[in-house]
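# Structural features, examined
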Amino acid sequence: MKRIAFAVLITGICLFAVNAQRPVRVPMVTTDLQKLVETEKEFARVAAEKGTKTAFLTYLADDGIIFNPTEVNGKLSWKNRQESPALLAWNPVWADVSSNGKLGYTTGGWEYRPKGKTDKATAYGEYVTIWQKQSDGQFRAMLDIGIGHPAKSLSSAAWRSPFDAGRGTPNGNGVGDEIFTDIFSNTSMANGYFNYLAEDAIVLREGHLPFTGKKPAFLGLEKLEKEFPDSSFLKFSANTSKIFGNMMYAWGVYSLTHKDKSVSRWNFVQIWKHRAGKWQIVLDIFNKIEKSS
């Protein structure tokens, strides 16, 4: 669900993302990427002017998904919600698009004001939206997910993109189940996950500001891993999308079983990019699955 799941409200949005490699400013990026970012900004403007429900019903694809608390059809979910005066504000500060211009993503920070624009913000976080170009040439959201954290991160900074935004060699081969098994079955992250993490990757985890870059992600996730000393990793189910040029995404559920037999569960979404002859994770987000109200 886009921008944090707040009591059955809305899910996470906006983020600081600073590329570890050479960032590219707006005038130098591709037309498809510019169009993608303008669509995201218009999405946020409609939410501010006409309400969050109207915005999501307008900009979600018919088969787009959100997480409430697990995967559901976004439009059907939003149609059943009441209108609300609450303001959900966000601004994209990082974006990328595939080499064929058909798939892209935006990410940044969000904040939530229960009574509207003049109210005090009561929640903050980061969001990820995956966009696909439709038959009419317009981008619509195929997947929306977010996390919450205690710090304000909504920024008016100009958006950026990776050094190879909109460029690259198309690849017709998926990452394959064996790669997901390698990543999620290794209790030592260095043996699996970090073999596939890009140097400029963005990693998002509930309760934390973004880990931007491979080394910060390693140090940050190493600390988080120690929070589950009584657990045995492993159980995941992944759904892999079609490949668009040199980009693809996957989502699913990751479970962690504790010694007392209790289970912690997260939705996960990964965005992959084919670079230098191999698939790399450029964005990774885990969203805690809470019990539905």
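Described below are features of the structure shown in this document. Predicted model, so just to flag it, every value in this text is computed and none were measured.

### Some thoughts on the overall build of the chain
Counting secondary structure elements, the chain contains six helices and 12 strands. Put simply, the chain has 293 residues, and 54% of those count as buried. Partitioning the contacts of the chain with sequence separation of at least 6, the portion at a separation of at least 24 is 64%. In the form shown here, the chain has an accessible surface area of approximately 13000 Å², with 52% of it arising from carbon and sulfur atoms.

### Here's the deal with the nonpolar core
One finds Leu143 and Ile271 to be the most contacted residues of the largest nonpolar core, which totals 39 residues. Per-element accounting of this core gives the leading share, six residues, to strand β7 (residues 197-205). Setting aside residues up to four positions removed in sequence, Leu143 forms contacts with Ile65, Phe67, Val128, Thr129, Ile130, Tyr249, Trp251 and Val269. Val46, Ile66, Ala95 and Ala141 belong to the second largest nonpolar core, which has 27 residues in total.

### Some words on the pattern of salt bridges
Opposite charge on two side chains allows them to pair when their charged atoms are near. Counting across every chain of the model gives 10 salt bridges. Residue Asp62 is joined to Lys75 by a salt bridge in which the shortest nitrogen-to-oxygen separation is 2.9 Å. Here Asp62, found in strand β1 (residues 60-67), pairs with Lys75, found in helix α3 (residues 74-79); they are 13 residues apart in sequence, far enough to count as distant. Arg205 is the partner of Asp284 in a salt bridge, and the nearest nitrogen-oxygen pair spans 2.7 Å. Here Asp284 is found in strand β12 (residues 278-288), whereas its partner Arg205 is found in strand β7, with 79 residues between them in sequence. Relative accessible area serves as the criterion here: at 11%, Arg205 is assigned to the buried category. Connected via shared salt-bridge partners are Asp96, Asp164, Asp200, Lys273 and Arg275.

### Structural notes on the pairing of β1
A large share of β1 lies buried, amounting to six of its eight residues. The pairing of β1 with strand β6 (residues 139-149) spans two bridges and is classified as parallel. Opposite Leu60, over in β6, you have Ala141 as the bridge partner. Bridge analysis of β1 against strand β2 (residues 71-73) gives three bridges, and the strand direction is antiparallel. In the sheet register, Ile66 faces β2, and the bridge partner there is Val72.

### Here we look at the sheet that holds β6
If you walk across this open sheet you meet the six strands as β2-β1-β6-β5-β4-β3, and the pairing is mixed. If you trace the sheet from one side to the other, it starts and ends with β2 and β3 (87-97), each paired once. On average, each strand axis in the sheet is inclined to that of its neighbour by 25 degrees, with strand direction left out of account. Helix α1 (residues 31-50) rests against β3, β4 (103-113), β5 (123-133) and β6 of the sheet, and its axis sits at about 175 degrees to β3. On top of the sheet, helix α2 (residues 52-59) reaches β1, β3, β5 and β6; it is set at about 125 degrees to β1, its chief contact.

### Considerations on α2
Listing the buried residues of α2 in full gives Thr52, Lys53, Ala55, Phe56 and Tyr59. Taken end-on, α2 shows its buried residues confined to a sector of 165 degrees, consistent with a single buried face. As for α2, its buried residues are in contact with α1, β1, α3, β3, β5 and β6.

### Considerations on the side chain of Asp119
In this fold, Asp119 is placed in the loop between β4 and β5. Notably, Asp119 is buried but unbridged: the nearest opposite-charge side chain belongs to Lys115, and the N-O separation is 5.8 Å. One polar contact links the side chain of Asp119 to the main-chain amide nitrogen of Lys115, over a distance of 2.9 Å. Residues within four places of Asp119 in sequence aside, it is in contact with Arg113 and Pro114.

### Structural notes on the packing of α1 against α2
In contact at an axis separation of 7 Å, α1 and α2 are set at 150 degrees when each is read in the N-to-C sense. α1 and α2 meet at a crossing whose hand is right-handed. Listed contacts from α2 to Thr39, Glu42, Phe43, Val46, Ala47 and Lys50 of α1 are Thr52, Thr54, Ala55, Phe56 and Tyr59. The residue makeup of the contact of α1 with α2, split by class, is six nonpolar, three polar and two charged.

Rules used throughout
- Counting restarts for each chain: residues are numbered from 1 in the order of the written sequence.
- Reporting of local features is limited, given that this is a predicted model, to residues whose pLDDT is at least 70; pairs of side-chain atoms are given and counted only at 80 or more, and all residues count toward the totals for whole chains, interfaces and linings.
- Neither water nor hydrogens contribute to the side-chain values; these are computed over all heavy atoms in the structure.
- Where helices and strands are cited, they refer to DSSP runs of H or I of at least four residues and of E of at least two residues respectively, numbered from the N terminus.
- Each residue is placed in one exposure class: buried if its accessible area under a 1.4 Å probe, protein chains only, is under 20% of its type's maximum, exposed if it is over 50%, and partly exposed if it falls in between.
- Two residues qualify as a contact provided that any one of their heavy atoms is within 4.5 Å of a heavy atom in the partner residue.
- Computed with a 1.4 Å probe, the accessible areas rest on the Shrake-Rupley method; for each residue, only the protein chains presented here act as cover.
- Nonpolar core, defined: a set of buried Ala, Val, Leu, Ile, Met, Phe, Trp, Tyr and Cys residues in which side-chain atoms within 4.5 Å join the residues together.
- One speaks of a salt bridge when a side-chain nitrogen belonging to Lys or Arg is within 4 Å of a carboxyl oxygen belonging to Asp or Glu.
- Two strands are counted as paired when DSSP detects at least two bridges linking them.
- Only the stretch in contact is used when fitting a helix axis, every axis being a line fitted to C-alpha atoms; angles between N-to-C directions are given from 0 to 180 degrees.
- What the arc measures is the spread of directions leading from the helix axis to the C-beta atoms.
- A positive count includes Lys and Arg, and a negative count includes Asp and Glu. His and the chain ends are not counted in either.
- N or O atoms closer than or at 3.5 Å make up a polar contact, with two conditions inside protein: a donor-capable atom paired with an acceptor-capable one, and, for residues adjacent in sequence, both atoms drawn from side chains.
- In this scheme the crossing of two helices becomes right-handed for a clockwise turn of the near helix relative to the far one and left-handed for an anticlockwise turn of less than a right angle.
- Residues are sorted three ways: Asp, Glu, Lys and Arg are charged, Ala, Val, Leu, Ile, Met, Phe, Trp, Tyr, Cys and Pro are nonpolar, and all the rest, Gly among them, are polar.

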